[in-house]
Amino acid sequence: MGCPLSGPSPSPQPGLTRDQTRDQTQDQTQDQTQDQTQQVVLTEENRQRIKDSWRLIQEDIMKVGIIMFVKLFETHPECKDVFFLFRDVEDPETLKRSRELRAHGLRIMSFIEKTVARLDHMERLDRLILDLGRSHYRYNAPPRFYGYVGAEFIRAVRPILKERWSAEVEEAWQTLFLYITSIMKRGFLEEERNQKNIMAAGSRDRPDKKLNII
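Residues numbered from 1 in each chain as written. Predicted model: local features only at pLDDT ≥ 70, side-chain atom pairs only at ≥ 80, totals over all residues. Heavy atoms only, no water.

## Things to note about the overall build of the chain
Quick note on the threshold: Secondary structure follows DSSP: runs of H or I at least 4 residues long count as helices, runs of E at least 2 residues long count as strands, and numbering of each begins at the N terminus. Note on classification: 1.4 Å probe, protein chains only; a residue is buried when its accessible area is under 20% of the maximum for its type, exposed when over 50%, partly exposed between these limits. Residue contacts are defined here by distance: any two heavy atoms, one from each residue, within 4.5 Å place the two residues in contact.
A count of helices and strands for the chain gives eight helices and zero strands. Across the chain, helices and strands are ordered from the amino to the carboxyl terminus as α-α-α-α-α-α-α-α. Across the 214 residues that make up the chain, the buried fraction comes to 37%. Here the contacts in the chain between residues at least 6 apart in sequence split such that 73% fall between residues at least 24 apart.

Laid out in structure tokens, this is it:
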């Protein structure tokens, strides 16, 4: 069964092996992800609204990070599969007091801070996000979870900004997280393909034991 973002797993096409079908599907997924990135446009107005609201949000950076992850685990408990430290923690108050959760929340907020700082330097921003997507492959954190974080971030900051929150500000942050998610997926897929190529090359270079039998 496929994940919610990728859809159902395809059946092998006539004349193709399962490996060839899988590689073709990955190529199609990468093309779709790149197309999606090109369609997401961070306008000057969006970038300015993000920067202006971030100045207020960062005053409560610790609070936002904690609320974001507590709500993430409440609304999407399957995300705990990626965070083995929190798999067996059910009590929200215990989560709020967790040093590990606080530290991870700060890391996410630090990434958002770096993202905002690069909004006027899109090439640097793309490299930052691609690297994060690649590292998430190594963490075994699949793309189907990425979109949840942005939604919970927006829910966490809305009451902090109060009357400064608007439909335009919400749209700006939604656009940014859609941009981040699409490039992270591309980085994840690139790293996945890279690791499979390395493994395949290692298998080809490994001498066949049968050839050593006399």
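## Points about the pattern of salt bridges
For the record, the criterion: For salt bridges, the criterion is a side-chain nitrogen of Lys or Arg within 4 Å of an Asp or Glu carboxyl oxygen.
Throughout the structure, instances matching the rule amount to 12 salt bridges. Put simply, Glu44 and Arg47 hold a salt bridge, and the shortest N to O gap is 2.8 Å. Residue Glu44 and its partner Arg47 are both found in helix α2 (residues 44-57); the two are separated by three residues, about one turn of the helix. Exposure remark for Glu44: the relative accessible area of 40% places this residue in the partly exposed category.

## Points about the packing of aromatic side chains
Heads up, the condition is: Centres within 6.5 Å make a pair out of two Phe, Tyr or Trp rings, where for Trp the six-membered ring is used; the pair is then stacked when the planes are under 30 degrees apart, edge-to-face when over 60, and tilted otherwise.
Enumeration over the complete set of coordinates arrives at seven aromatic pairs. Here Phe153 and Trp173 contribute two aromatic rings whose centre-to-centre distance is 4.9 Å and whose plane-to-plane angle is 50 degrees, an arrangement assigned as tilted. Here Trp173 lies in helix α8 (residues 167-205) and Phe153 lies in helix α7 (residues 146-161), a separation of 20 residues in the sequence. The class of Trp173 is buried, set by a relative accessible area of 0%. Here Phe153 and Phe177 contribute two aromatic rings whose centre-to-centre distance is 5.2 Å and whose plane-to-plane angle is 50 degrees, an arrangement assigned as tilted. Within this pair, whereas Phe153 is found in helix α7, its partner Phe177 is found in helix α8, the two being separated by 24 residues in sequence. The same class applies to Phe153 and to Phe177, which are both buried. Among the aromatic residues, those joined into a cluster by ring pairs are Trp54, Phe153, Trp173 and Phe177.

## Notes on the confidence of the model for the chain
Note the following rule: What pLDDT conveys is the predictor's confidence in a given residue, as a value from 0 to 100.
Here the chain shows a mean pLDDT of 80. Residues at 70 or above account for 77%. Between the elements of the chain, mean pLDDT differs from a low of 48, seen in helix α1 (residues 18-39), to a high of 96, seen in α2. Counted against residues more than four places away or in other chains, residues 1-14, with its pLDDT under 50, gives 16 contacts.

## Focus on the packing of helix α5 (residues 99-117) against helix α6 (residues 122-138)
Counted only if it meets this: Between N-to-C directions, angles cover 0 to 180 degrees, with each direction set by a line fitted to C-alpha atoms, over the stretch in contact for helices. By the definition adopted for this analysis, an angle is roughly parallel if under 35 degrees, roughly antiparallel if over 145, roughly perpendicular if from 65 to 115, and oblique otherwise. Left-handed describes a crossing in which the near helix is turned anticlockwise from the far one by less than a right angle; the clockwise case is right-handed. Throughout, the ten residues Ala, Val, Leu, Ile, Met, Phe, Trp, Tyr, Cys and Pro are labelled nonpolar, Asp, Glu, Lys and Arg are labelled charged, and all others, Gly among them, are labelled polar.
Where α5 contacts α6, the two axes come as close as 9 Å, and the packing angle between them is 155 degrees. For the element pair α5 / α6, the angle class is roughly antiparallel. As for how α5 packs across α6, the hand of that crossing is left-handed. Listed contacts from α6 to Phe111, Lys114 and Thr115 of α5 are Leu125, Leu128, Ile129 and Leu132. Split into classes, the residues belonging to the contact of α5 with α6 amount to five nonpolar, one polar and one charged.

## Structural notes on the side chain of Lys51
Note the following rule: Each polar contact in these results corresponds to two N or O atoms within 3.5 Å; when the atoms are within protein, one needs to be able to donate a hydrogen and the other to accept it, and residues that are neighboring in sequence are counted only if both atoms are side-chain atoms.
On the secondary structure map, Lys51 appears in helix α2. Residue classification places Lys51 among the buried residues on the basis of a relative accessible area of 16%. One polar contact links Lys51 to Asp120, side chain to side chain, over a distance of 2.9 Å. Other than its neighbours up to four places away in sequence, Lys51 contacts Val116, Leu119 and Asp120.

## A word on the packing of helix α3 (residues 61-75) against α7
At a closest axis distance of 9 Å, the pairing of α3 and α7 adopts a crossing angle of 130 degrees. Looking at the two axes, α3 sits oblique to α7. Considering how the two elements wind past one another, α3 and α7 form a crossing that is right-handed. Facing α3, whose interface residues are Val64, Ile67, Met68, Lys71, Leu72 and Thr75, α7 presents Tyr148, Val149, Glu152, Phe153, Ala156, Val157 and Ile160. Partitioned by chemical class, the residues of the contact of α3 with α7 number 10 nonpolar, one polar and two charged.

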